[in-house]
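# Results of the structural survey
The primary structure of each chain is shown beneath.
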Amino acid sequence: MTTTDLAGAREQSTPLSGADSAAGRSVAGLLRPYLGSFAAVVILQVIGAVAGLAPLLAVVELGRTLLSPNPIDHGHVWIVVIAGAVGLFVRLLFTAGSSGVGHLLDGRVELSFRRKLAARLGRVPIGWLSGRRTGELAKVVGEDVSAVHRSSPTSPASSSPPSWCRWYR
């Protein structure tokens, strides 16, 4: 049994109502309630990435200051070192925040998709269900839901097209 078998059952099941139909058939409709959380993950990750440049720029500035033929300004050196350390701390803080929000978002999206799958399977004709083993159905649903975890971004670079996209088209 594959996801396409479930898609065939979808065609045999009762049609969805108007608003549920539009949101239930597109991935964008499924993810729309979580748009703010996805934006928060991206914004936190971008802030963390930009703050991660501070230690690198601090090293460059320290090199310029320490290698210059002029006398070393100790106050300037300490300011550069502190700025680099603060940048590193800000990067750590915002990247961890992005990862935390991303993992919470992953759990909420996965739960939502499990509920939508259960509701969808609740509308499948009983004759279709009786022709399949429970373990076979559980395996397909479990594989589709576990694909959500791999596709849910805990950082913007980690997103990829999920396998469950085929079923909801």
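What this report covers is the structure whose coordinates are included nearby. (Residues numbered from 1 in each chain as written. Predicted model: local features only at pLDDT ≥ 70, side-chain atom pairs only at ≥ 80, totals over all residues. Heavy atoms only, no water.)

### A look at the overall build of the protein chain
To keep it simple, the criterion reads: Each helix is a run of H or I in the DSSP string that is no shorter than four residues. Each strand is a run of E no shorter than two, and both are numbered from the N terminus. For each residue, the accessible area found with a 1.4 Å probe, counting protein chains only, is set against the maximum for its type, and the residue is called buried under 20%, exposed over 50%, and partly exposed in between. We call two residues in contact when some of their heavy atoms are within 4.5 Å. Surface exposure here means Shrake-Rupley accessible area, sampled with a 1.4 Å probe, where a residue is shielded only by the protein chains that are shown.
Summing up its helical and strand segments, the protein chain has 8 helices and 0 strands in all. Scanning the protein chain from its N terminus toward the C terminus, one meets helices and strands in the order α-α-α-α-α-α-α-α. The buried share among the 169 residues of the protein chain stands at 32%. Summarising the internal contacts of the protein chain: among those between residues at least 6 apart in sequence, 75% fall at separations of at least 24. Accessible surface, the protein chain: about 10,200 Å² in total, of which carbon and sulfur atoms supply 67%.

### What about a nonpolar patch on the surface?
Selection rule: For patch building, the residue pool is restricted to those with more than 30% relative accessible area and no salt bridge; the joining distance is 9 Å between like charges and 5 Å between nonpolar side chains (Val, Leu, Ile, Met, Phe, Trp, Tyr). Note on definitions: salt bridges are taken to be side-chain nitrogens of Lys or Arg within 4 Å of carboxyl oxygens of Asp or Glu.
Taken together, Trp78, Val81, Ile82 and Val86 make up a surface patch of nonpolar side chains, about 400 Å² in accessible area. Turning to its location among the elements, Val81 is positioned in helix α6 (residues 74-122).

### Points about helix α5 (residues 53-67)
The test is simple: Here the expected length of a helix is defined as 1.5 Å per residue gap, with one fewer gap than residues.
Taking 1.5 Å per residue as the helical rise, α5 with its 15 residues ought to reach 21 Å, and the 21 Å between its terminal C-alpha atoms agrees with that figure. The secondary structure elements touched by the buried residues of α5 are α4 (35-51) and α6.

### So, the pattern of salt bridges
Summed over the entire model, instances satisfying the criterion amount to 2 salt bridges. Glu61 is the salt-bridge partner of Arg64, the closest N and O atoms lying 3.6 Å from each other. Of the two residues, Arg64 and Glu61 both sit in helix α5, 3 residues apart, roughly one turn of that helix. Measuring nitrogen to oxygen at the nearest pair gives 3.1 Å for the salt bridge that ties Glu110 to Arg114. Of the two residues, Glu110 and Arg114 are both situated in helix α6; the distance of 4 residues between them amounts to about one turn of the helix. The class of Glu110 is buried, set by a relative accessible area of 16%. Classification of Arg114 by relative accessible area gives partly exposed; the value is 42%.

### Considerations on the packing of α4 against α5
How we decide: To get an axis, a line is fitted to the C-alpha atoms, and for a helix only the part in contact is used. The angle between two axes follows their N-to-C directions and goes from 0 to 180 degrees. Throughout this description, any angle smaller than 35 degrees is read as roughly parallel, any larger than 145 degrees as roughly antiparallel, any in the 65 to 115 degree range as roughly perpendicular, and the remainder as oblique. Any residue outside Ala, Val, Leu, Ile, Met, Phe, Trp, Tyr, Cys, Pro, Asp, Glu, Lys and Arg is labelled polar, Gly included; the first ten of those are nonpolar and the last four are charged.
Close contact between α4 and α5 brings their axes to 4 Å; oriented N to C, the two are set at 10°. When the interaxial angle is binned, α4 and α5 end up roughly parallel. The segment α4 lies against α5, with Ala49, Val50 and Ala51 engaging Leu53, Ala54 and Pro55. In terms of residue class, the contact of α4 with α5 is built from 6 nonpolar, no polar and no charged.

### Quick look at the nonpolar core
Convention followed: Within this scheme, the nonpolar core is defined by two criteria: the residues are buried Ala, Val, Leu, Ile, Met, Phe, Trp, Tyr or Cys, and they are joined through side-chain atoms within 4.5 Å.
Counting residues in each nonpolar core, the largest one holds 7 residues, listed as Leu30, Tyr34, Phe38, Val41, Leu105, Val109 and Phe113. If one sorts the elements of this core by residue count, α6 sits on top with 3 residues. Those residues in contact with Tyr34 that lie beyond four places of it in its chain are Leu105, Arg108, Val109 and Ser112. Counting residues in each nonpolar core, the second largest holds 6 residues, with Leu117, Leu121, Val124 and Val141 among its members.

### Looking at the environment of Leu62
Structurally, Leu62 can be placed in helix α5. Distance from Leu62 to His76, taken between C-alpha atoms, is 9.0 Å for residues 14 residues apart in sequence. Residues contacting Leu62, with those up to four places away along its chain left out, are Val77, Val80 and Val81.

### Thoughts on the packing of α4 against α6
Two quantities define a packed helix pair, namely the angle between the axes and the distance from one axis to the other. Put simply, the rule reads: Handedness of each helix crossing follows the sense of rotation of the near helix against the far helix: counterclockwise by less than a right angle gives left-handed, clockwise gives right-handed.
Where α4 contacts α6, the axes come no closer than 8 Å and their chain directions differ by 160°. Classified by the interaxial angle, the pair formed by α4 and α6 is roughly antiparallel. For the element pair α4 and α6, the recorded crossing hand is left-handed. In this structure, α4 uses Ser37, Phe38, Ala40, Val41, Leu44, Gln45, Ile47, Gly48 and Ala51 to contact α6, whose residues at the interface are Gly87, Val90, Arg91, Phe94, Thr95, Gly97, Ser98, Val101, Gly102, Leu105 and Arg108. Residue composition of the contact of α4 with α6, by class: 10 nonpolar, 8 polar and 2 charged.

Note that all results are geometric; they support no functional claim without further evidence.
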